[in-house]
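One-letter residues, chain by chain:
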Amino acid sequence: MIRVDRRSDSSSLIRVRGINKTYSRGGEKIQVLQGLNLDVDKGDFVAFMGPSGSGKTTLLNLLGGLDVPSAGSITVDGDEITHMSASKLTHWRARHVGFIFQMYNLIPVLTAYQNVELPLLLTKLSKSERRSHVETALGVVGLADRMNHYPRQLSGGQEQRVTIARAIVSDPTFLLCDEPTGDLDRKSADEIMALIDELVGKYNKTILMVTHDALVAARAHTTLHLDKGVLIEGGKSAQPVLAGGAA
Amino acid sequence: MKYSRLIFANLFRKKVRLILTVGSFAVALFLFTFLAVVKSAFSRGTELAGADRLVVINRAGLIQTIPLAYYDKILRIPGVKAVTHNNWFGGVYQDEKNFFPQFVIDMDNQRQVMTEMKIPDDQWKTFVNDRQGAIAGATLAKRFGWKVGDRIPLKNALYGPTSTWEFNLDGIYKNDHPGGDESQFWLQWKYFDESIPAGIKGLVGWYVVKLDSPDDAVRVAKAIDTEFANSSTETKTETESAFQAGFAKQLGNIELLILTIGGVVFFTLLLVTGNTMAISVRERTGELAVLKAIGFTDRFVLFFVLAESLVIALIGGLIGLGLAMLAIPVVGAALNGFLPTLILSAAMLSAGLGFAVLVGAASGLLPGLGAMRLRVVDALRRV
């Protein structure tokens, strides 16, 4: 269950409390996020929507430990990540977060198999164990027969499937998707979303997704709208609720 | 190593660039090694010079002679163990390009002073009893395919009208010191002195003095020069290593020249490879950011860039060293003895490889640090 009102119990998988994010640009301070609160439970599928510059990607970066908030705290599965050192945060990301990017961001000189294997190189798994995990992940995304293909030999949809396989291969705590269908045609986008639905429904994955596409967002359990750095609950909630801000 | 595939896959991403960079390394290492070999050839005489030997020459210069009569006076100076004398012969074997050093030696004392030059006793005995006898170094004999018993004609114009001197090759010497000179040709003083015009008889080119102890070198050198001070032929005595160094310097400051060229090679290579690595890292900013996003540490990214740079350096370095190993004997043979023997030692190969690794690490360091400091969020925004 997703809540944006700070009235959560402590069992949430992801707890965001009062986070602010401010950037300095040319001496001017720009507040991207303002006092956000959010609770996400295991198995939730949340979509974030909002106009460009509303802070969607910034929020995703903070949740994924790629950036640190100016104020506030983020706790994932009991780990407070906001005060971790850069090195500790990197190790944390390897264990807990799977990233799915709009532009796929596969390594072009590696095959699908090798791309998916990358996160496992950071583990102590043996070569045969890694192989087993990679084959399973590629099987889940329906690309078991394309594992020796290079990204340039795959379609956009297939590349995104490889990215998803790479994101799930280490069985992370949650997945972050930044416009996962933004570079795909409608048919491929539907296939990718069907796959993401399957990850949630069949494998009980927790997914947080940024999208501009209302059709894609509609497949999430909850859609949250960001506007000028403020989170507004929407989607299946009849009345949007202003999130965070007040102490 | 589980990361090797990642490193090698990236290396071969731009094959033409890889070939050109590896090629730069190969050429630079070849040049570096070749220069090091030439420098070593020039300085080898100094390195191998006997610490307990002095060389006495005419104060006016090496090409001026000294009376043979000095021999006994030098021998009487306390601290002197043995004395021998040499002359430059300067003959031509078949063609002027077949240059090699020919020395007239004092048979009675040569072996007592030049102890590292080893000749089998039976060959030495034959040489001593043969007025036209000659001894050749093993390298020299190999160069011309000579064997003991061969007749060696040398044309000479230094001592009277041009004439051909005939020699019997009675022996072949080897040098005890690894890399020591084995390219000399020796002939007998008596035969030489009898055959030259009367006006230049009884004059030697230089003396080589063996000391009781290397500690006596300064005192004995001073004593010798004092002995002949204010005479018609004053002397200049110095240690053999100083003499060899001075001899090499007559050809110019080879060391400075070689170090300068080596320095230029080093910095050019550093700039070329550093630039290549910087471009390569810049092209992959997004990929490096993804690696960091999925859990690869900053240090790993640095290691990754450095490893690529080092692999390029090692491949190029090994090719360059391989080329040097093939080319140096050929170049050495083509020089026909105009330079001392060119030897590519294991130490030089190691130094070459060390040079390659140093340049590889240095050229990968800045781009690697840049990649290490890369902020994932900024880099992903640029993709």
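S.K.: Lay out the overall build of chain A with the relevant residues and their values.
M.R.: Across its full length, chain A holds 7 helices and 10 strands. Taken across its 247 residues, chain A has 49% of its residues classed as buried. Relative to all contacts within chain A whose residues are 6 or more apart in sequence, the contacts with residues 24 or more apart total 68%.

S.K.: Which residues make up the overall build of chain B, and what values go with them?
M.R.: From N to C terminus, chain B includes 14 helices and 12 strands. Taken over 383 residues, chain B has a buried fraction of 35%. Put simply, 83% of the contacts in chain B that link residues at least 6 apart link residues at least 24 apart.

S.K.: Lay out the interface of chain A and chain B with the relevant residues and their values.
M.R.: Listed as interface residues are 19 residues of chain A and, on the opposing side, 18 residues of chain B. At 5 residues, the largest contribution of residues to the side of chain A that touches chain B is made by helix α2 (residues 86-96) of chain A. In terms of residue class, the side of chain A that touches chain B is built from 11 nonpolar, 6 polar and 2 charged.

S.K.: If you had to explain the pairing of strand β1 (residues 53-58) of chain B to someone new, which residues and values would you point to?
M.R.: Within a regular strand, side chains alternate between the sheet's two faces. All names here are of chain B. Extensive coverage of β1 is indicated by the burial of 6 of its 6 residues. Here β1 runs beside strand β11 (residues 206-211); their pairing, made up of 4 bridges, is antiparallel. If you follow Leu54 over to β11, its bridge partner there is Val209. Pairing of β1 with strand β12 (residues 235-239) involves 5 bridges; the strand directions are antiparallel. Bridging across to β12, Val55 finds its partner in Glu238.

S.K.: I'd like a description of the pairing of strand β6 (residues 133-137) of chain B, backed by residues and values.
M.R.: All names here are of chain B. With 5 of its 5 residues buried, β6 lies for the most part within the structure. Of the two faces of β6, both are covered, the one formed by Gly133, Ile135 and Gly137 as well as the one formed by Ala134 and Ala136. Where β6 meets strand β9 (residues 185-188), 3 bridges bridge the pair, whose relative direction is antiparallel. Looking across to β9, one finds that Ala134 is bridged to Leu187.

S.K.: Give me the confidence of the model for chain A: which residues, what numbers.
M.R.: All names here are of chain A. The predicted model of chain A has a mean per-residue pLDDT of 87, with 90% of residues at 70 or higher. Of all the helices and strands in chain A, strand β10 (residues 230-233) carries the lowest mean pLDDT, 78, while helix α3 (residues 112-117) carries the highest, 96. In the model, residues 235-247 has pLDDT below 50 throughout and makes 32 contacts with residues more than four positions away in sequence or in other chains.

S.K.: Give me the lowdown on the sheet that holds strand β1 (residues 14-25) of chain A, citing residues and values where you can.
M.R.: Residue and element names in this part refer to chain A. Spatially, the 4 strands line up as an open sheet ordered β2-β1-β4-β5, and their pairing is antiparallel. Of all the strands in the sheet, the pair left with one neighbour each is β2 (28-40) and β5 (79-80). As defined by bridge partners, β1 adjoins β2 across 9 bridges and the pair is classed as antiparallel. What sits directly across from Arg15, in β2, is Asp39.

S.K.: Could you give me a rundown of the packing of helix α12 (residues 298-334) of chain B against helix α13 (residues 346-373) of chain B, with the residues and numbers involved?
M.R.: Residue and element names in this part refer to chain B. Interhelical geometry of α12 versus α13 gives an angle of 150° and a closest axis separation of 7 Å. By the angle between their axes, α12 is roughly antiparallel relative to α13. For the pair α12 and α13, the crossing hand works out as right-handed. In the contact of α12 with α13, the residues fall into 20 nonpolar, 8 polar and 2 charged.

S.K.: Any details on helix α4 (residues 127-140) of chain A? Residues and values, ideally.
M.R.: Residues and elements named next belong to chain A. Compared with the 20 Å implied by 1.5 Å per residue over 14 residues, the 20 Å span of α4 between its first and last C-alpha is a close match. Taken together, the buried positions of α4 are occupied by His133, Val134, Ala137 and Leu138. With its buried residues spanning 130° around the axis, α4 presents them on a single face. With respect to the buried face of α4, the exposed residues turned more than 90 degrees away are Ser128, Glu129 and Ser132. Buried positions along α4 lie against α3 and α5 (156-168). One or two steps after α4, the chain reaches Gly142, where phi turns positive at roughly 75°.

S.K.: Which residues make up the environment of Thr206 of chain A, and what values do they have?
M.R.: Residues and elements named next belong to chain A. Along the chain, Thr206 falls in strand β8 (residues 206-210). Taking the C-beta count within 10 Å as the criterion, Thr206 has 22 such neighbours and is therefore assigned buried. Placed 32 residues apart in sequence, Thr206 and Phe174 show a C-alpha to C-alpha distance of 4.8 Å. Beyond its immediate stretch of four places on either side in the chain, Thr206 contacts Leu13, Val40, Lys42, Gly43, Asp44, Thr173 and Phe174.

S.K.: Residue-level account of the packing of helix α1 (residues 4-11) of chain B against α12 of chain B, with values.
M.R.: Residues and elements named next belong to chain B. The interhelical angle for the contact between α1 and α12, taken along N-to-C directions, is 60°, at an axis separation of 10 Å. In this view, α1 runs oblique relative to α12, as classed from their interaxial angle. In terms of crossing hand, the pair formed by α1 and α12 is right-handed. Mapping the contact onto sequence places Ile7, Asn10 and Leu11 in α1 and Phe304, Ala307, Glu308, Val311 and Ile312 in α12. When its residues are assigned to classes, the contact of α1 with α12 shows 6 nonpolar, 1 polar and 1 charged.

S.K.: Provide a residue-level description of unusual backbone geometry, including the pertinent values.
M.R.: All names here are of chain A. One non-glycine residue, Asp77, adopts positive backbone phi at about 50°. Mapped onto the elements, Asp77 comes out in the loop between β4 (71-76) and β5. Taking the number of C-beta atoms within 10 Å as the measure of exposure, Asp77 has 16 and is therefore partly exposed. Positive phi, close to 50°, is recorded for Lys228, a residue that is not glycine. When you line up the elements, Lys228 lands in the loop between β9 (222-227) and β10.

S.K.: I'd like to hear about the confidence of the model for chain B, residue by residue, with values.
M.R.: In the predicted model, chain B carries a mean pLDDT of 88, and 94% of its residues have values of at least 70. Of the two predicted TM-score estimates for the complex, the pTM is 0.70 and the ipTM is 0.87.

S.K.: So what about the environment of Ile164 of chain A? Which residues, and what values?
M.R.: Residue and element names in this part refer to chain A. Topologically, Ile164 is positioned in helix α5. Linking Ile164 and Val141, residues 23 residues apart in sequence, is a C-alpha distance of 7.3 Å. Filtering out sequence-adjacent residues up to four positions away, Ile164 remains in contact with Ile100, Val141 and Leu195.

Thresholds applied
Residues numbered from 1 in each chain as written. Chains lettered and ligands numbered in written order. Predicted model: local features only at pLDDT ≥ 70, side-chain atom pairs only at ≥ 80, totals over all residues. Helix = DSSP H or I, 4+ residues; strand = E, 2+ residues; numbered from the N terminus. Buried ≥ 20, exposed ≤ 12 C-beta atoms within 10 Å, placed from the backbone. Contact = placed C-beta atoms within 7 Å. Nonpolar A, V, L, I, M, F, W, Y, C, P; charged D, E, K, R; others polar. Pairing = 2+ DSSP bridges. pLDDT = per-residue confidence, 0-100. Axes fitted to C-alpha atoms, helices over the stretch in contact; angles between N-to-C directions. Parallel < 35°, antiparallel > 145°, perpendicular 65-115°, else oblique. Left-handed = near helix turned anticlockwise from the far one by under 90°. Expected span 1.5 Å × (residues − 1). Arc of directions from axis to C-beta.

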